[in-house]
Structures are given as C-alpha cells and as structure tokens.
Amino acid sequence: MVDLRAQTNVGRKTALSLVLIFVSVAYALQQHLGNAPATTVVSTASQAQEISIPAPVQPTSSPSPEPSSVPAQNLGPYVDGAYTGKVADAYYGNVQVQATIVAGNISDIQFLQYPTDRKTSQQISGRAMPILKQEAIQAQSAQVDTVSGATEISNAFVTSLGSALAQAKK
Amino acid sequence: MPIVVEIADAHVSAADIESVFAYFIDVEKRFSFFKDDSEVSRMNRGEIRELSPDMQEILFFAEKTKQESHGYFDISRPDGRTNPSGIVKGWAIRNASRLLLAKNIQNFCLNVGGDIQSHGKNENGSEWSIGIRNPLKRNEIVKVIYPRGAGVATSGSSERGSHIYDPHAPKKELNDVVSITVIGLDVLEADRFATAAFAMGNDGIIFIESLPACEGYQIDRNGVATMSTGFPQYLAR
C-alpha cells in the first residue's frame, strides 16, 4: 500500500492546490468516502464523541435550520441545520449535496443529485464483442512514482459541499 | 485539484517548476467554466467575436472527440452553454509537457488530478511508474504501469463504491463501472478517450479496444477489472 498523501512531499515533488479546500471539508469527504457508516459524526478534537443521527434528512430548500436534538453544547464551527449545496457540474451530470449540522459539526451528507442519465443501453454499432481478459483487482505493495485515479465527481462533491457549509458557517 | 510536478533532470531550477504552475493557473483563469471573466464564460455570454487560437483548438478537440465517441462525449450542456472542461485538463498538461521539452527538460512527470504525462526517466534512472488507484478503496493501488512516455488518465467516480444512491430512484442500480484508466499517445488522447469511455458505462472498454493507439483498464463495482488486449505491455518494467 502506498500513502498517497505522503507522496507529494517526497524528493523534488512540488504540490500546489488550485482549489482551496478547508480542512473540515477534506475531513468530511474522507469520512464520507471511507467505509465509515452514515451515522459517524465528525467531531472536534476537544470533544470527540459519536452521535446518532435522529432521523434521515428529507430534501429541503436552503437553508432551513432546524432545532438540534443535542443539548446546548454547540462547539463546532457551524450552525445546526440542513443546508443544500449548489449544483456542481461533474461533467457527466450534476452533483448536489445536503449537509446536516448537529451540535455544530457535520453529521450527515446526502446526495440530492447524482449523475445517472448515461445512455448505457446504446451499443457501439457494428462491432463484435471482443473477448477481453478479466481479473479480480488486488492491492499492490509496490512503490510508485505517482497515482492515477478518478477525480471529476469528487471535485463536484467538494464544490457542492463547500457551498453548503459556507451557508452553515457561524 | 492537486498538481504534482516532478522533474528529475539535474539542471532543473525552481523557476522551471514555477513556470509549469504559472501555466496551469493561467489556463484555469482563461478556460474555467466557473470564472465569470474567463474566455469560456465570455463565449457563453456571446461577448466574443473572435475566439483565441487556443479556444479554437480546444473546441476542435471537443468536436473530434464527440464524433469519435459517437456522441457520448459532448461539451454542450442542456442549458445551451458550452463546458469544455473535459478537454482543457488533458490539453493543458500536454502543453505544459511541451513547455518543459522546449526548455530541454527531458525527465519529468506531470500529474494533474490523476491525469499524467511523463517523459524520460525518474530520479533513479528507471521508467516512471504509475499506480492505478483502487476506486473502491482510495488508499490502495491495484496496478502498476510503466507508460514509457504515453499519457495516462482515469475517469470515474471513487464514491460509487460506498454509500451512493440516486435519491430519485434509491433502488435503481447504478452503472457497474466505477473507473476506467486509459493509456494513450499523450495525456490529451488518454484524457478525452477516458472521459468518453466512462460515459459509455460497461461498453467503455470495448470502445477503448476499438481505438488503435489506446489501451484501458476498467474496474467495476465488484472489483473485477477488464483490460484491453494490449494493456499488459505496460505492466513490464
């Protein structure tokens, strides 16, 4: 396994982020993209705790703060409520998320829009199906110089979430 | 979007590296769909009489890719505006690579958000190696390829492996393909064909197979990869 983040600091590599993503967004993204269950709560370091989400969030128009079921301790950087992010273009279609803030922290992120409108049934005409080799993917331990992976929808996710959190800022 | 510029030539200066970043920042300014004063935005508002040669070239590649992909690749949006982002990234990396070659820098690797153009050898004098990220487990690499100067691009979504669903049809199965990595003559070729192939869903790898100078590695949601016939040639160090 290769630590993708450490890689940018090795040798002469110089990294620059054109899109400034504040730490909480990156952390939320990581939490969301990882295998963490939907009920995991991103908490401040000083008050690490897990809170279950009271109920699934219904899509609402933005912003619509609702009273928190958690007592007064509102230590996080955001005002409680559900905030709908702007629609971001993921090239294949639009991505829009809704962030729910509980006790000042992100407690849930739901997708209101996600690209699903691909014309998958359309065939590439007049071409016989080639027999292509298949394999189960397997983790490689090799060190590599750099890494290629998908980004488009991740970027749209960050854009939409960033605008949702901007509304939630104290 | 993270940009990593690695130059292995002994005579490289900080200014050389800076010039690459400066170029990407300039491209972002000029061709961003989201910046109001970019040429793309001004074009979309009908404010431009004559497009710059760069814009014309970007639109040329967009049209070419649309035709080659039977319409799957299309930069015109439902609202009538044009979003050439699907071409701009690969095009900009290709140009930055030419910029370095013009300075007689021969050994480098440019990685912009997973789209990669390498040239020459790495710092150890070996072939540049590129890991294909596991779209289902982001900190894992599932394949190591040695492009030997070819371009590499991956299109897909890393999120689909986890808890993503369509809120309008929660039970509906999403497409099986989570990512497709394409190796092409240069990064522009790799990028535009990766984008088109991903839009084709399961048929993407068949499209890549049909292109004479492209190879691909497509991964589905169950962790099964399908590779084009010539792909294994890039696995040899």
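Residues numbered from 1 in each chain as written. Chains lettered and ligands numbered in written order. Predicted model: local features only at pLDDT ≥ 70, side-chain atom pairs only at ≥ 80, totals over all residues. Heavy atoms only, no water.

A look at the overall build of chain A
A count of helical and extended segments in chain A gives three helices and seven strands. When the helices and strands of chain A are listed from N to C terminus, the series reads α-β-α-β-β-β-β-β-β-α. By residue count, 44% of the 170 residues in chain A fall in the buried class. Restricting the contact set of chain A to residue pairs at least 6 apart, pairs at least 24 apart contribute 61%. (Helix = DSSP H or I, 4+ residues; strand = E, 2+ residues; numbered from the N terminus. Buried < 20%, exposed > 50% of the residue type's maximum accessible area, 1.4 Å probe, protein only. Contact = heavy atoms within 4.5 Å.)

Topic: the overall build of chain B
A count of helical and extended segments in chain B gives six helices and nine strands. Counting the 237 residues in chain B, one finds 60% classified as buried. Taking contacts inside chain B between residues at least 6 apart in sequence as the whole, the part at least 24 apart equals 58%. Of the roughly 9300 Å² of accessible surface on chain B, a fraction of 49% belongs to carbon and sulfur atoms. (Areas by Shrake-Rupley, 256 points an atom, 1.4 Å probe, with all protein chains shown as cover.)

Remarks on the sheet that holds strand S4 (residues 130-133) of chain B
The sheet built from three strands is open, its strands ordered S7(A)-S4(B)-S5(B) with mixed pairing. Of all strands in the sheet, those with a lone pairing partner are strand S7 (146-148) of chain A together with strand S5 (141-145) of chain B, marking the two edges. Mean inter-strand twist for the sheet, computed between neighbouring axes without regard to direction, equals 35 degrees. For S7 of chain A and S4 of chain B, the ladder comprises three bridges, and the chain directions are parallel. Of the residues in S4 of chain B, the one forming a bridge with Ser148 of chain A is Ile132 of chain B. (Pairing = 2+ DSSP bridges. Axes fitted to C-alpha atoms, helices over the stretch in contact; angles between N-to-C directions.)

Regarding the confidence of the model for chain A
Residues and elements named next belong to chain A. The share of residues in chain A with pLDDT of 70 or more is 37%, and the mean pLDDT across the chain is 57. When the criterion is pLDDT under 50, residues 1-72 qualifies, and its contacts beyond four places in sequence or with other chains add up to 136 contacts. Note on residues 117-128: pLDDT under 50 across the span, and 21 contacts to partners over four residues away in sequence or across chains. (pLDDT = per-residue confidence, 0-100.)

Some thoughts on the nonpolar core
All names here are of chain B. Counting 53 residues, the largest nonpolar core has Phe24, Trp91 and Ile208 as its most contacted members. With nine residues, helix H5 (residues 187-199) is the single largest residue contributor to this core. Excluding residues within four positions of it along the chain, Phe24 makes contact with Ile3, Ala92, Ile93, Ala96 and Val112. In terms of nonpolar packing, the next biggest core, distinct from the first, is built from 19 residues, Cys109, Ile132, Ala225 and Met227 among them. (Core = buried A, V, L, I, M, F, W, Y, C linked by side-chain atoms within 4.5 Å.)

Quick word on unusual backbone geometry
Located in the positive-phi region is His70 of chain B, a residue other than glycine, with phi close to 55 degrees. With a relative accessible area of 47%, His70 of chain B lands in the partly exposed category.

A word on the packing of aromatic side chains
Residues and elements named next belong to chain B. Taken as a whole and judged by the stated rule, the model has six aromatic pairs over all chains. Ring centres of Phe60 and Phe61 lie 5.4 Å apart, and the angle between their planes is 70 degrees; on these two criteria the pair is classed as edge-to-face. Classification of Phe60 by relative accessible area gives partly exposed; the value is 49%. (Phe/Tyr/Trp six-rings, centres within 6.5 Å; stacked < 30°, edge-to-face > 60°.)

Notes on the pairing of strand S1 (residues 2-7) of chain B
Residue and element names in this part refer to chain B. Of all six residues that make up S1, five are buried, and the element is covered over most of its length. Where S1 lies against strand S2 (residues 108-112), five bridges are found, and the strand directions are antiparallel. When the bridges of S2 are listed, Ile3 appears paired with Val112.

Considering the packing of helix H1 (residues 14-31) of chain B against helix H4 (residues 85-102) of chain B
The angle between the axes and the distance between the axes are what describe a pair of packed helices. Residues and elements named next belong to chain B. For the pair H1 and H4, the least separation of the axes is 10 Å and the interaxial angle reads 150 degrees. One way to sum up the angle between H1 and H4 is to call them roughly antiparallel. The chirality of how H1 crosses H4 is right-handed. Across the interface between the two elements, Asp16, Ser19, Val20, Tyr23, Phe24, Val27 and Phe31 from H1 touch Val88, Trp91, Ala92, Ile93, Asn95, Ala96, Leu99 and Leu100 from H4. (Parallel < 35°, antiparallel > 145°, perpendicular 65-115°, else oblique. Left-handed = near helix turned anticlockwise from the far one by under 90°.)

Description of the pattern of salt bridges
All names here are of chain B. Counted by the stated rule, this structure contains 16 salt bridges over all chains. Among the ionic pairs, Lys35 bridges to Glu28, the shortest N-O distance being 3.5 Å. Taken together, the shared-partner salt bridges connect Lys64, Glu68, Glu189 and Arg192 into one network. (Salt bridge = Lys/Arg side-chain N within 4 Å of Asp/Glu carboxyl O.)

Side note on helix H3 (residues 53-68) of chain B
For an α-helix, 3.6 residues make a turn, and residues three or four places apart therefore share a direction. Residues and elements named next belong to chain B. Between its terminal C-alpha atoms H3 stretches 22 Å, which fits the 22 Å expected from 16 residues at 1.5 Å a residue. When we look at burial in H3, the residues that qualify are Met55, Ile58, Phe61, Ala62 and Thr65. Taken end-on, H3 shows its buried residues confined to a sector of 125 degrees, consistent with a single buried face. Opposite the buried face of H3, by more than 90 degrees, sit the exposed residues Pro53 and Gln67. Elements that come into contact with the buried residues of H3 comprise H1, helix H2 (39-44), H4 and H5. At the exit of H3 stands His70, carrying a positive phi of roughly 55 degrees. (Expected span 1.5 Å × (residues − 1). Arc of directions from axis to C-beta.)

Digging into the confidence of the model for chain B
Residues and elements named next belong to chain B. Residues of chain B with pLDDT of at least 70 account for 92%, and the chain-wide mean is 89. Ranking the helices and strands of chain B by mean pLDDT puts strand S3 (residues 115-119) first, with 97, and S1 last, with 89. Scored below 50 in pLDDT, residues 159-167 shows 30 contacts in the model against residues more than four places distant or in partner chains. Two numbers describe this predicted complex: its pTM, 0.66, and its ipTM, 0.86.

Side note on the side chain of Glu215 of chain B
Residue and element names in this part refer to chain B. Mapped onto the elements, Glu215 comes out in strand S8 (residues 215-220). Polar side-chain contacts of Glu215 include one of 2.4 Å to the side chain of Ser228. Engagement of the side chain of Glu215 in a polar contact is seen with the backbone nitrogen of Gly230, the distance being 3.0 Å. With near-sequence residues (within four places) excluded, Glu215 lies in contact with Thr181, Val182, Ile183, Ile208, Ser228, Thr229, Gly230, Phe231, Gln233 and Tyr234. (Polar contact = N/O pair within 3.5 Å; in protein donor to acceptor, adjacent residues only side chain to side chain.)

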